[in-house]
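Remarks on the overall topology
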Amino acid sequence: MLFEPIRIGPVTAPNRFYQVPHASGMTNALPRVRAAFREAKAEGGWGVICTGACSVDPSSDDTPLPFATMWDGNDIRAHALMTEAVHRHGSLAGVELWHGGASVMNRTSRLPPLSPSGIPWMATHVGFMGNLRPKTMDKADIRAALEWQAEGARKARTAGFDVVYVYAGMGYLGYEFLLPEYNQRTDEYGGSIENRVRFVRELIDVTKDAVGKDCGVALRVSLEELRGRPGRNQPSEAHELVELLADLPDLFDVKMDSSPTDCSASRFTGEGSHEPIIDFVKTLTKKPVVGVGRFTSPDTMVSQIRRGVLDFIGGARPSIADPFLPAKIREGREAEIRECIGCNICISSWHDGVPVRCTQNPTAGEEWRRGWHPERVQRTSHPERVLIVGGGPAGLECALTLGRGGHEVTLADSSSSFGGRLTFEKTLPGLAAWNRVVDYRLGRLDEMSNVSLYLGSALGVDEIIELAPQRVVVATGARWTNMLYKSMEIPVGTLDDPQVFTPDDIASGRLPDGPTIVFDFDNYYMGGVLSEYLARSGNSVSYVTPAGQASAWTIMTNELPLVHRALAERRVPVTTLHLLKSFDGETATLAHVFTGEEMRVACRSVVIVGLRKPRNELYDSLSARADELAASGILSVDRIGDALAPGAIAHAVHSGHKLARELGLVLPSRPYRRDMPIVDLEDFDLRAAAE
Ligand code: ADP
Ligand code: SF4
């Protein structure tokens, strides 16, 4: 059923696997990186592969966030690399034409942002990010926006796209017309739902007029807010919208309204979470419907289709984590699917303004620049005996990739199970799915005859010399420290008291007595999730951080609002903008980071979630006995993962993969190929061209 062809207007998708538009951080400045990233998914069996947001006009400029453009001939040529790559594998290429309306700040183009009624999108957020407020569109602006869409569609067809989008979601221009709070117009574009839908209807009309004979025209629309508004003739305005537009687009691509609900992290949301919002769409239109929900299980996918929820199985994150997901299902290799863990490191890459990174798939974004294929590793003609010490994410990935490359691999870990940090972290609230990092790799390693796995093996230098491998890879991870900072800039040393704990203590079962302060300046998930964990076990916990928010960096992974909600639900008080100055076993002294004003808090224990340092004893001992190692035939000793530089699991996996790909190679002086924009300067001098 999943492999039936489905029509989208004049074009036909070869199967039901649909990579919906998603941010990849690969702008038109990285056309080859982007084409290879998308091609991997086409090769892996996704029937439709779409771009991320692709601006139709410089008045839609989201800098510094990455976005694609469809403005001129250079853009057409840049996109054509992708469409050609996708077509090579028989898949369709889709383009998400996009105008950001009031939610972009046009920082580079210096044009006024446009909106139906001059209301800024999410005032607090945008107000924080910039200070330009949108212009209210007059009729000429509306006509211009329709023409940009039509012209964008024509350019997209020239670039070779098969499916062209009209975008009315996630706070962007089309969506702003749909909501009465943003659209307060009194003309034919405002007021009733029929009027508010008019602009989107016209966008669809002009797109169909421009390219409808050759390309499928898709409508991407967010339905969360509209679903909550009672309709006049239907249960909700979302129903009314679909009813009004039912026959117009060739495909409905339906989704949630904001990044934290649309692309929600597994820590707080399960697979298929969009269904309660979008489940009705197919009852009101005969056109095919695509939706997402971090689908990785073939059973869930089939059920979505059988139950009449979706026609296409949409995937963004599942397609990043495993570009070959469809091929693995088709070939009955479900166990080999590299399931997305829902950590949202990928979306953090977009917020960082860089090409997409993925915890599960270290090759994402590296297909062209480093030549890494997501499934294939070149077999070595000189197999080597490699000993990897440490079976956390870095060691497991390194073993897997070396094993695929044909090396003789021994992976040893001192503990009683593989997984490293995840052995504990998977037990923390909401993090069970993260253990897919371990399960996927162990599953594959168990099948490999050239990889030997040893648990309960704490290795020192003597044991390693005795084993006499040709290469040693140290993947011994990192440990949390009890270091503190005197100010935001200057470290002050360690805080030593029997009642001071680190996450490693808690992982080993040494639990604090309450009341407990969790002092977090790591700022990613650990401080917040440990507070939840301790509070759940009955400890009276309060959370303190020098940052402005709890788990401040999780703004990048869409988790921050839900972290705050989880702490509030557990009755964990949050104190921001405070440093921990001292603790005497009974009282902790906190100081405001800007005023220095001190505050004393009674508590029995302090958990410091701060700096991690590499667990480097083994590496240092090996380095000290380098001559003996060389004499016993050991060619190299390398470190990977947290033992090299502590970071997120995504960094450790990438580090392990990189070392395995590069082992024994003579590397070029530059670490990777640099992509370049496609530049024909004539395209930039439009006035001269017109003359
Ligand atoms: P990373 O994230 O870099 O993979 P982890 O901390 O998750 O790092 O995993 C490191 C693993 O290394 C842990 O499972 C730990 O038990 C193991 N380990 C550390 N030192 C040794 C050693 N000397 N011998 C064997 N295993 C070790
Ligand atoms: Fe999934 Fe995490 Fe990879 Fe994103 S980074 S695709 S959430 S595993």
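Now for a quick tour of the structure. Source: prediction; values computed, not measured.

**Some thoughts on the sheet that holds strand β14 (residues 385-389)**
- Sheet architecture is open: five strands sit in the order β16-β15-β14-β17-β30, paired in parallel fashion. Looking at strand neighbours, the two that pair on one side only are β16 (451-454) and β30 (636-639), the edges of this open sheet. Averaged over all adjacent pairs, the angle separating strand axes in this sheet is 15 degrees, with direction ignored.
- Where β14 and strand β17 (residues 471-474) come together, four bridges link them in parallel fashion. Of the residues in β17, the one forming a bridge with V386 is R471.

**Overview of the site of ligand 2**
- Near ligand 2 lie 14 residues; those nearest to it are C340, C343, N344, C346 and C358.
- Going through the elements one at a time, α13 (317-321) and α15 (345-352) are the ones with two or more residues in the shell around ligand 2.
- Broken down by element, the shell around ligand 2 gets its largest block of residues, three residues, from α13.
- Taken together, the residues of the shell around ligand 2 sort by class into eight nonpolar, four polar and two charged.

**What to know about the nonpolar core**
- Grouped together as the largest cluster of nonpolar side chains are 76 residues, with contacts concentrated most on F199, L219, L223, L241, L245 and V281.
- Sorting elements by how many residues they give to this core places helix α6 (residues 193-211) first, with eight residues.
- Excluding residues within four positions of it along the chain, L219 makes contact with V166, A168, V200, I204, L245, P249, L251, F252 and D253.
- Among the nonpolar cores identified, the runner-up in size contains 55 residues, and I345, F418, Y524 and I640 belong to it.

**Structural notes on the sheet that holds strand β25 (residues 578-583)**
- Strand order in the open sheet formed by three strands is β25-β26-β27, with antiparallel pairing between adjacent strands. A single partner strand is all that each edge strand has here, and the edge strands are β25 and β27 (598-602). Averaged over neighbouring strand pairs, the angle between their axes works out to 30 degrees when direction is ignored.
- Two strands pair when backbone bridges link them, and β25 and strand β26 (residues 587-592) are joined in this way by five bridges, in the antiparallel orientation. For F583, the partnering residue across the bridge sits in β26 and is A588.

**Some details on the packing of helix α2 (residues 73-87) against helix α4 (residues 139-159)**
- Where α2 contacts α4, the two axes come as close as 8 Å, and the packing angle between them is 50 degrees. As the angle between them shows, α2 and α4 are arranged oblique. In this structure, α2 crosses over α4, and the sense of that crossing is right-handed. Within the contact between the two elements, α2 uses I76, H79, A80 and T83 and α4 uses K155, T158 and A159.
- When grouped by side-chain class, the residues that make up the contact of α2 with α4 number three nonpolar, three polar and one charged.

**Considerations on the packing of aromatic side chains**
- For the structure on display, the rule yields 16 aromatic pairs.
- Seen from their ring centres, W98 and Y172 are 5.4 Å apart, and the 90 degrees between their planes marks the pair as edge-to-face. Of the two residues, W98 is situated in strand β6 (residues 92-98) and Y172 in the loop between β9 (163-168) and α5 (173-178); the sequence distance between them amounts to 74 residues. Side by side, W98 and Y172 carry an identical accessibility label, which is buried.
- Look at Y524 and W553: their rings are 4.9 Å apart centre to centre, the planes differ by 85 degrees, and that puts the pair in the edge-to-face class. One end of the pair, Y524, is in the loop between β22 (516-520) and α21 (525-536); the other, W553, is in the loop between β23 (541-544) and α22 (560-569), and 29 residues separate them in sequence.
- Residue class for W553 comes out partly exposed when judged on its relative accessible area of 28%.
- Through pairs of rings, three or more aromatic residues link up here, namely F67, W98, Y167 and Y172.
- The lysine or arginine in question, R369, covers the ring of Y672, its NZ or CZ lying 3.9 Å from the ring centre.
- Seen from the ring of W368, R673 lies directly overhead, with NZ or CZ sitting 4.0 Å from the centre.

**So, the site of ligand 1**
- In the vicinity of ligand 1 there are 22 residues, among which A394, D413, S414, R421 and D642 approach most closely.
- A distance of 2.8 Å separates an oxygen atom of ligand 1 from a polar atom in the backbone of A394.
- A distance of 2.6 Å is found between an oxygen atom of ligand 1 and a side-chain nitrogen or oxygen belonging to D413.
- Contact with the protein chains covers 89% of the free accessible surface of ligand 1, which is 580 Å².
- Each residue belonging to the shell around ligand 1 can be placed in one class, and the counts come to eight nonpolar, ten polar and four charged.

**Concerning the pattern of salt bridges**
- The tally for this structure, following the rule as stated, stands at 45 salt bridges.
- Between D187 and R185 there is a salt bridge, and its shortest N-O distance comes to 2.9 Å.
- For the salt bridge of D253 with R220, the shortest nitrogen-to-oxygen distance reads 3.1 Å. Note that D253 is positioned in strand β11 (residues 251-255) and R220 in strand β10 (residues 216-222), a separation of 33 residues in sequence. With respect to class, D253 is no different from R220; both count as buried.

The rules we used
- Residues numbered from 1 in each chain as written.
- Chains lettered and ligands numbered in written order.
- Predicted model: local features only at pLDDT ≥ 70, side-chain atom pairs only at ≥ 80, totals over all residues.
- Heavy atoms only, no water.
- Pairing = 2+ DSSP bridges.
- Helix = DSSP H or I, 4+ residues; strand = E, 2+ residues; numbered from the N terminus.
- Axes fitted to C-alpha atoms, helices over the stretch in contact; angles between N-to-C directions.
- Near = heavy atom within 4 Å.
- Nonpolar A, V, L, I, M, F, W, Y, C, P; charged D, E, K, R; others polar.
- Core = buried A, V, L, I, M, F, W, Y, C linked by side-chain atoms within 4.5 Å.
- Buried < 20%, exposed > 50% of the residue type's maximum accessible area, 1.4 Å probe, protein only.
- Contact = heavy atoms within 4.5 Å.
- Parallel < 35°, antiparallel > 145°, perpendicular 65-115°, else oblique.
- Left-handed = near helix turned anticlockwise from the far one by under 90°.
- Phe/Tyr/Trp six-rings, centres within 6.5 Å; stacked < 30°, edge-to-face > 60°.
- Lys NZ or Arg CZ within 6 Å of the ring centre and 35° of its normal.
- Polar contact = N/O pair within 3.5 Å; in protein donor to acceptor, adjacent residues only side chain to side chain.
- Areas by Shrake-Rupley, 256 points an atom, 1.4 Å probe, with all protein chains shown as cover.
- Salt bridge = Lys/Arg side-chain N within 4 Å of Asp/Glu carboxyl O.

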